[in-house]
Amino acid sequence: MKNKFIYLSLLAAGLIACEPEFNNEVTNGSYSAGDADFSSYVAVGNSLTAGYMDGTVSRGGQMYSFPNLLSQQFAVVGGGAFTQPSYDDDVNNYGGLTLGGMQIASTRLIINASAGGPEPINGTPTIEVSNQQAMAYNNMGVPGAKSFHLLAPGYGNLAGVATGQANPYFVRHATSPTATVMGDAMTKNPTFFTNWIGSNDVLSFATSGGVGVDQTGNFDPSTYGGNDITDPNVFAATYSAITDMLTSGGAKGVVATIPDVTSIPFFTTVPYNPLTTQLLGGGDSQVGAATMTQLNQQLYGVLDQILTNFGAGDRINILDAGAANPLLIKDESLTDLSAQITAVAATIPQYAPIADFLGQTYGQARQATEDDLVLLTTRGVIGTAPAGVPAPFNSFGVTYPLQDSHVLTAAEGEMVKVATTSYNNTIKAIAASKGLAVADMNAILNQLVSGLRVEDGQIYTADYFSTSALNTTVFSLDGVHPNARGYAMVANEIIKVINSYYNAKLPNIVPGYYPGATVLPTN
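Residues numbered from 1 in each chain as written. Predicted model: local features only at pLDDT ≥ 70, side-chain atom pairs only at ≥ 80, totals over all residues. Heavy atoms only, no water.

**Some thoughts on unusual backbone geometry**
Working note: non-glycine residues mostly have negative phi, and peptide bonds are mostly trans.
Alright, step 1. For the bond running from Ala391 to Pro392, omega is 5°, close enough to zero to count as cis.
Alright, step 2. Although it is not a glycine, Asp54 sits at a positive phi angle of roughly 55°.

See below:
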């Protein structure tokens, strides 16, 4: 079965990427730096700072990083030169990475008009990690970095890339194998800074579908896995140390809060309940209704009856031909009823030969609810056949449960929420103690769910796959990171904070001048 419930309209010619117009046509005399000094602006953070979009950092995409956009506005009031890691080796603007000539990261996502959806652009990356620049830059955003990584010696050691001990993006420009991100950043002697770190301390857990551990209570980050949630005390101590370093020379700055994952399309695009007769019938509702009846008779009804006998009848209900029905998922937080299902199935002649399989497969299965978040990457999995599973049980999300890596369950989502709230409270408290401005990007990005109106009157949203709003979404095709318009919006929100908090008069940025998705006729 093909999951056809998600689609892109490719008819609007306005989706083709274009170059932005010049924003600052007003003379310098009307602008002022206020109480700030932008002569040496340094940005620290992760992928959101580096200009990561469409699943990678590319030569073309990096120019739209929010720090680079900010530096152009700072230049109007005496801001100094702003440098970013070189991507001149990205000769075809494909993005991606190679290590020793072997590809280790995918090329950037584009919309393939002939296929009808996002996919990596065909081609081989030309960004070789071992071609090291050994130079500190004003933009020290490192994709993939968690808070404690900014202080970790060896995070830029080429020898550690293959083992996962080092970050290939930092390796490209770390000044030495033992350098730290913050150590290199401080060589720029910042007079002003932005700090947007912390998202990955919880985001990687969420984007993996909760395949990780909540490390609350574990104060040793060297023992954490890549998808684990950072202990709030570790985050607080780390964030405090980073802030102390950034302000040690008297620099002023803006810190940004961490977005709630429910505000980004990676978690809000794929519905929890896409199973309709239209879908199950491949566009033919009558065929779908017959299929649904068969599923109820051979699987859903049987499981519902067995589970009801053990007080778990709410896990699986029969499918309703007149409704949108939820996906079948595995929830590891549920009591495992594998043995009970196996025992009952063994007494039913037609199910006895596969009783063990039924128990193992559906012992922690349930139907998804609106509180579960189906990952954007799962859209290509629904309806496909898991390896080694016999028919008719071999349809992910329909007859075979989606696994832990496919869905962020409500329980896992609560862990993310608790950690995010704690981190943001820490960010605000430390900022207050240092007299720093706060850009509440969590609040701003949450507004995108219903629509955020900017100064030029345009309303931008997080409605990633809407046929009517693709030109006004601010997220790139990976569903996590902003597109060029999104980074312009982020920069503009920071400008508002600077103007208000530091009595500056910086020119605004118009997000509508910046490109949206890249559409190619064929890939």
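And the narrative resumes.
**Focus on the side chain of Asp331**
Alright, step 1. With respect to the helices and strands, the residue Asp331 is situated in the loop between β9 (328–330) and α11 (338–345).
Alright, step 2. Polar contacts involving the side chain of Asp331 include one to the side chain of Arg366, which spans 2.8 Å.
Alright, step 3. Those residues within four positions of Asp331 in sequence are excluded, and the remaining contacts are Gln364, Arg366 and Thr409. (Helix = DSSP H or I, 4+ residues; strand = E, 2+ residues; numbered from the N terminus. Polar contact = N/O pair within 3.5 Å; in protein donor to acceptor, adjacent residues only side chain to side chain. Contact = heavy atoms within 4.5 Å.)

**With respect to the packing of aromatic side chains**
Each pair of aromatic rings is reported with the distance of its centres and the angle of its planes.
Alright, step 1. Applying the stated criterion across every chain, the model contains 18 aromatic pairs.
Alright, step 2. A centroid spacing of 5.8 Å and a plane angle of 65° characterise the contact between Phe66 and Trp196, whose relative ring orientation is edge-to-face. With Phe66 in helix α3 (residues 66–74) and Trp196 in strand β7 (residues 192–196), this pair connects stretches of sequence that are 130 residues apart. For the residue pair Phe66 and Trp196, the accessibility class agrees, reading buried in each case.
Alright, step 3. Taking the centre distance of 5.8 Å and the plane angle of 80° together, the rings of Phe192 and Tyr502 count as edge-to-face. Here Phe192, found in strand β7, pairs with Tyr502, found in the loop between α15 (484–501) and β16 (519–520); they are 310 residues apart in sequence, far enough to count as distant.
Alright, step 4. Judged by its relative accessible area of 0%, Phe192 is buried.
Alright, step 5. Given a relative accessible area of 3%, Tyr502 falls into the buried group. (Phe/Tyr/Trp six-rings, centres within 6.5 Å; stacked < 30°, edge-to-face > 60°. Buried < 20%, exposed > 50% of the residue type's maximum accessible area, 1.4 Å probe, protein only.)

**Comments concerning the packing of α11 against helix α12 (residues 355–362)**
Alright, step 1. Contact geometry of α11 with α12 gives a least axis separation of 7 Å together with a crossing angle of 150°. By the angle between their directions, the pair α11 and α12 is classed as roughly antiparallel. The two elements α11 and α12 cross, and the hand of that crossing is right-handed. Here Ser338, Ile341, Thr342 and Ala345 of α11 come into contact with α12, specifically with Ala355, Asp356, Leu358, Gly359, Gln360 and Tyr362.
Alright, step 2. Taken together, the residues of the contact of α11 with α12 sort by class into five nonpolar, four polar and one charged. (Axes fitted to C-alpha atoms, helices over the stretch in contact; angles between N-to-C directions. Parallel < 35°, antiparallel > 145°, perpendicular 65-115°, else oblique. Left-handed = near helix turned anticlockwise from the far one by under 90°. Nonpolar A, V, L, I, M, F, W, Y, C, P; charged D, E, K, R; others polar.)

**Section: the sheet that holds strand β5 (residues 117–120)**
Alright, step 1. Taken together, the three strands give an open sheet; going across it, the order is β5-β4-β16, and neighbouring strands pair in mixed fashion. If you trace the sheet from one side to the other, it starts and ends with β5 and β16, each paired once.
Alright, step 2. Of the pairings in the sheet, the one linking strand β4 (residues 109–112) to β5 comprises four bridges and is antiparallel in character. Pairing of Ile111 across the sheet is with Pro118, part of β5. (Pairing = 2+ DSSP bridges.)

**Brief notes about the pairing of strand β8 (residues 252–256)**
Consecutive side chains along a regular strand alternate between the two faces of the sheet.
Alright, step 1. Of all five residues in β8, four are buried, a share of seventy percent or more.
Alright, step 2. Where β7 lies against β8, four bridges are found, and the strand directions are parallel. Across the sheet, Asn195 pairs through a bridge with Val255, a residue of β8.
Alright, step 3. Where β8 meets strand β13 (residues 437–439), three bridges bridge the pair, whose relative direction is parallel. By the bridge assignment for β13, Ala256 is matched with Ala439.

**Remarks on α3**
Alright, step 1. Most of α3 is tucked away, with eight of its nine residues classed as buried.
Alright, step 2. Among all positions of α3, only Phe66, Pro67, Asn68, Leu69, Leu70, Ser71, Gln73 and Phe74 are buried.

Everything listed is a geometric property; what it means functionally is a separate question.
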